[in-house]
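A look at the structure
Chain by chain, the residues:
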Amino acid sequence: MTKLPRLPDYLLQIQPYVPGKPIEEVERELGIVAIKLASNENPLGPSPLAVEAIHAAATRVHLYPDGSTWYLRERLAARLNVPADHLAFGAGSCELILLASHGHLQQGDEGLTSESTFPVYAAGILSTGARLVEVPLEGDAIDLEGIAGAVTPRTRVIYLANPNNPTGSWFTAGRFDALLAQIPEEILVVLDEAYYEYADQPGYSRSIDLVREGRNVLVLRTFSKVYGLAGLRLGYGIARPEIVAALDRVRHPFNTSSVAQAAALAALDDDAHVRCSLEMNRAGLAQLSRGLAETGVSFLPSVTNFILVDVGDGKAVSDAMLRLGVVVRPMDWMGIPQSIRVTVGTAEENRKFLDALARALAALREARVGGS
Ligand SMILES: Cc1ncc(COP(=O)(O)O)c(C=O)c1O
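If you're wondering where the values come from, they're calculated on a predicted model, not measured in any experiment. (Residues numbered from 1 in each chain as written. Predicted model: local features only at pLDDT ≥ 70, side-chain atom pairs only at ≥ 80, totals over all residues. Heavy atoms only, no water.)

Some details on the packing of helix α2 (residues 48-58) against helix α10 (residues 258-269)
Inclusion rule: Each axis is a line fitted through C-alpha atoms, and for a helix only the stretch in contact is used; angles between axes span 0 to 180 degrees, taken between their N-to-C directions. Helix numbers and strand numbers start at the N terminus; a helix is a DSSP run of H or I with at least 4 residues, a strand a run of E with at least 2. Throughout this description, any angle smaller than 35 degrees is read as roughly parallel, any larger than 145 degrees as roughly antiparallel, any in the 65 to 115 degree range as roughly perpendicular, and the remainder as oblique. Each crossing gets its handedness from the near helix: less than a right angle anticlockwise from the far helix is left-handed, clockwise is right-handed. Note on contacts: a residue pair is in contact if any heavy atoms of the two residues lie within 4.5 Å. Classification convention: Asp, Glu, Lys, Arg as charged; Ala, Val, Leu, Ile, Met, Phe, Trp, Tyr, Cys, Pro as nonpolar; all other residues, Gly among them, as polar.
At their nearest, the axes of α2 and α10 sit 8 Å apart, and the two run at 150 degrees to each other. Viewed along their axes, α2 and α10 adopt a mutual orientation that is roughly antiparallel. Note on packing geometry: the crossing formed by α2 with α10 is right-handed. Counting all contacts with α2, which are made through Leu49, Ala50, Ala53, Ile54 and Ala57, the residues of α10 involved are Ser258, Val259, Ala262, Ala263, Ala266 and Ala267. Of the residues assigned to the contact of α2 with α10, the class counts are 10 nonpolar, one polar and no charged.

Some remarks on the pairing of strand β4 (residues 131-135)
Threshold: For two strands to pair, DSSP has to find at least two bridges joining them. The crossover handedness rule: strands pointing away from the viewer, path from first strand over the helix to second strand clockwise, crossover right-handed.
Of the strand pairs in this sheet, strand β3 (residues 110-114) and β4 are connected by five bridges, and their pairing is parallel. By the bridge assignment for β4, Glu110 is matched with Arg131. Read from β3 through helix α5 (residues 120-126) to β4, the crossover connection turns out right-handed.

Things to note about the domain arrangement of the protein
Accessible area lost upon the coming together of the parts serves often as the stated size of an interface. Spelled out, the test is: Domain limits in this description derive from either an automatic procedure or a database domain assignment. By convention, the term buried area covers the 1.4 Å-probe accessible surface removed from two parts as they join, with the contributions of both added. Salt bridges are defined as contacts in which a side-chain nitrogen from Lys or Arg sits within 4 Å of a carboxyl oxygen from Asp or Glu. We define a polar contact as two N or O atoms separated by no more than 3.5 Å, with the added condition that, inside protein, one atom must be a possible hydrogen donor and the other a possible acceptor, whereas residues neighbouring each other in sequence contribute only through side-chain atom pairs.
Structurally, the protein comprises domain 1 (9-45 + 272-371) and domain 2 (48-270). Each of domain 1 and domain 2 has a C-alpha centre, and these two points are 25 Å apart. Tallying the contact residues gives 30 residues for domain 1 and 29 residues for domain 2. Between domain 1 and domain 2, roughly 2,400 Å² of surface is buried when both sides are summed, and carbon and sulfur atoms account for 67% of that area. It is Tyr10, Val303 and Met334 in domain 1 that bury the most area against domain 2; as a group they hold 25% of the surface buried on that side. Applying the counting criterion to the domain 1 and domain 2 interface returns zero salt bridges. Counting the contacts that link domain 1 with domain 2 gives nine residue pairs in polar contact (both at pLDDT 80 or more). For the side of domain 1 that touches domain 2, the secondary-structure elements that each account for two or more residues are α11 (271-295) and β10 (306-310). Residue composition of the side of domain 1 that touches domain 2, by class: 16 nonpolar, 12 polar and two charged.

What follows is the structure in structure tokens.
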């Protein structure tokens, strides 16, 4: 056998991200129509205006995309009331998470985040050879005091999801200000607001003001969630221009596609689609909360488009639900083995989920009784 190329030791610590099975594969294997509530996507689908823009852009894909993301940059800058040079674009916010690490960390440094949070932060930190420091949750929420306490002279980057995936917990702008006041100002804080549009809570976020005030905060948002464009991969960052320039040093020149740029531009203007998506999510959260309470399982209140549900054994329950044609995410790999995470779907999908959950729990209970 030919010897394999040698990997740097620090890469061996990274757990490659394991995505859920494609829905088509589940349907083929089981011979049934399945629903996927596993990746926090928008059940309403993309904006019709975005679909039109995708068709129009398709005829020009022989050309490289606009590497400066000019039109989308100008449009978003006006909307967010920040200068155009305060914006960075990536193939999903995932790419920006990696670029933030590669632009600011090296071996000997430390990158800091929470346990039970979005796993790409850990992968980004470890992929630079820096040391990963993870602070346990405080109850179900990110422990901001613990994060401040874990800062050392080697800390260069901190990643925080607000709201957090998978717990759905969130912290106020005031608590984030208090964290910033406790840490050295030169540390880059990546504040991931992937679910910003859903988290419509009093006191939630003043992240862009912090950027305007010149703080070293990189705010991340995405077109994958409320805008329904997860398959096109487009996220953006808002930060002072020096931080955007650091990301540009490691970004490849055409990292967001022309089709994604065109779709995002159209989706931004489709206020009706965003309104409908948020309304459907509000109704779905209420429907799921009612149904889960009736099922007798405990779950965390959520301000996002997903709910973390304690089912006792997340893997066994999600496997049983898969056989019933409902795909949800077990949370063992995020350090919460007792739970599953379910994405808020359409009313019909939520009903199917609740039905499959009740059946899966009953079947597992019966199997336990039978086995004892
Ligand atoms: C907290 C958080 N950040 C980022 C992302 C990734 O988003 P994107 O599709 O923009 O890469 C997700 C996706 O689920 C997420 O939950």
